[in-house]
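# Topology and contacts: notes
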Amino acid sequence: QVQLVESGGGLVQAGGSLRLSCTASGRTFSSLAMAWFRQAPFKEREFVAADSWSFGRTDYAHSVKGRFTISRDNAKNTMYLQMNFLKPEDTAVYYCAAVLGYTSDYLSERAYDYWGQGTQVTVSS
């Protein structure tokens with residue numbers, strides 16, 4: 001079993017920055033393919049970013065490209081999402097997701113078996 005715990009959310013003004021963290025336990029961290037998703041009020045959960053260690057390439061949703069950066073530190077069992085130039089439309093609950101090994105369908109939430117509890121990010125205008 002894999003446990004994922006996100007942290008780092010909060011309230012920030014538009015144009016500000018936040019760094020989210022996702023710490024994993026229960027499995028060798030380097031064996032996990034991981035990504036970030038988010039869910040805004042009254043909307044479906046959507047893909048945000050996937051890291052290159054997991055999938056061979058770093059990929060971002062078009063809406064966050066150039067502003068968000070995904071990274072991971074296998075020695076600390078932690079994945080990060082650095083979010084800069086935040087906009088009100090970035091307001092959402094952010095989730096980290098993991099699957100053992102690899103998935104080719106990394107854009108889809110159905111590909112992941114493990115999810116964190118989510119961390120709220122609120123961007124005020």
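Cut-offs applied
Residues numbered from 1 in each chain as written. Predicted model: local features only at pLDDT ≥ 70, side-chain atom pairs only at ≥ 80, totals over all residues. Heavy atoms only, no water. Helix = DSSP H or I, 4+ residues; strand = E, 2+ residues; numbered from the N terminus. Contact = heavy atoms within 4.5 Å. Buried < 20%, exposed > 50% of the residue type's maximum accessible area, 1.4 Å probe, protein only. Pairing = 2+ DSSP bridges. Core = buried A, V, L, I, M, F, W, Y, C linked by side-chain atoms within 4.5 Å. Phe/Tyr/Trp six-rings, centres within 6.5 Å; stacked < 30°, edge-to-face > 60°. Axes fitted to C-alpha atoms, helices over the stretch in contact; angles between N-to-C directions. Disulfide = S-S within 2.5 Å.

## Comments concerning the environment of S124
With respect to the helices and strands, S124 occurs in strand β11 (residues 119-124). S124 sits 86 residues away from R38 along the chain, and the two C-alpha atoms are 17 Å apart. Every residue in contact with S124, bar those within four places of it in the chain, is listed here: L11, V12, Q13, A14 and P88.

## Considerations on the pairing of strand β7 (residues 68-73)
Regular strands place side chains that alternate from one sheet face to the opposite one. Here β7 shows a buried face lined by F68, I70 and R72 and an unburied face lined by T69, S71 and D73. Of the strand pairs in this sheet, β7 and strand β8 (residues 78-83) are connected by 6 bridges, and their pairing is antiparallel. Bridge pairing in β8 places S71 opposite Y80. Between β7 and β8, which pair antiparallel one after the other, the connecting turn spans 4 residues, and N77 there sits at a positive phi close to 55°.

## Brief notes about the pairing of strand β9 (residues 92-100)
With 7 of 9 residues buried, β9 lies mostly within the body of the structure. Across 8 bridges, the pairing between strand β4 (residues 32-39) and β9 is antiparallel. Of the residues in β9, the one forming a bridge with M34 is A98. Note: β9 against β11, 3 bridges, orientation antiparallel. Across the sheet, A92 pairs through a bridge with V121, a residue of β11. Both β9 and strand β10 (residues 114-115) contribute to a ladder of 2 bridges, which runs antiparallel. Among the inter-strand pairings, A98 is bridged to a residue of β10, identified as Y114.

## A closer look at the nonpolar core
Of all hydrophobic cores here, the largest spans 41 residues; its most connected members are L4, W36, L81, M83, Y94 and Y112. Broken down by secondary-structure element, the contributors of at least two residues to this core are β3 (18-25), β4, β5 (46-50), β7, β8, β9 and β11.

## Details of the packing of aromatic side chains
What the rule picks out here adds up to 6 aromatic pairs. Summarising the aromatic geometry, the rings of Y95 and W115 are spaced 6.4 Å apart at their centres and angled 80° between planes, so their arrangement reads as edge-to-face. Of this pair, Y95 sits in strand β9 while W115 sits in strand β10, and the two are 20 residues apart along the sequence. Here a set of aromatic residues connected by ring pairs shows up, and it is made of F37, F47, Y95, Y106, Y112 and W115.

## Observations concerning the sheet that holds β3
On the basis of which strands lie adjacent, the open sheet formed by 4 strands has the order β1-β3-β8-β7 and antiparallel pairing. Edge positions in the sheet fall to β1 (3-7) and β7, since each has one partner strand and no second. For this sheet the average axis-to-axis angle between neighbouring strands, irrespective of direction, equals 15°. Pairing of β3 with β8 involves 6 bridges; the strand directions are antiparallel. The residue of β8 that forms the bridge with L18 is M83.

## As for the state of the cysteines
Chemically, a disulfide is nothing more than a covalent bond linking the sulfur atoms of two cysteines. As enumerated under the stated definition, the model contains 1 disulfide in all. With a sulfur-sulfur separation of 2.1 Å, C22 is cross-linked through a disulfide to C96. Judged by the torsion about the S-S bond (60°), the C22/C96 disulfide is right-handed. Separated by 74 residues along the polypeptide, C22 in strand β3 and C96 in strand β9 bring together distant segments of the chain. The same class applies to C22 and to C96, which are both buried.

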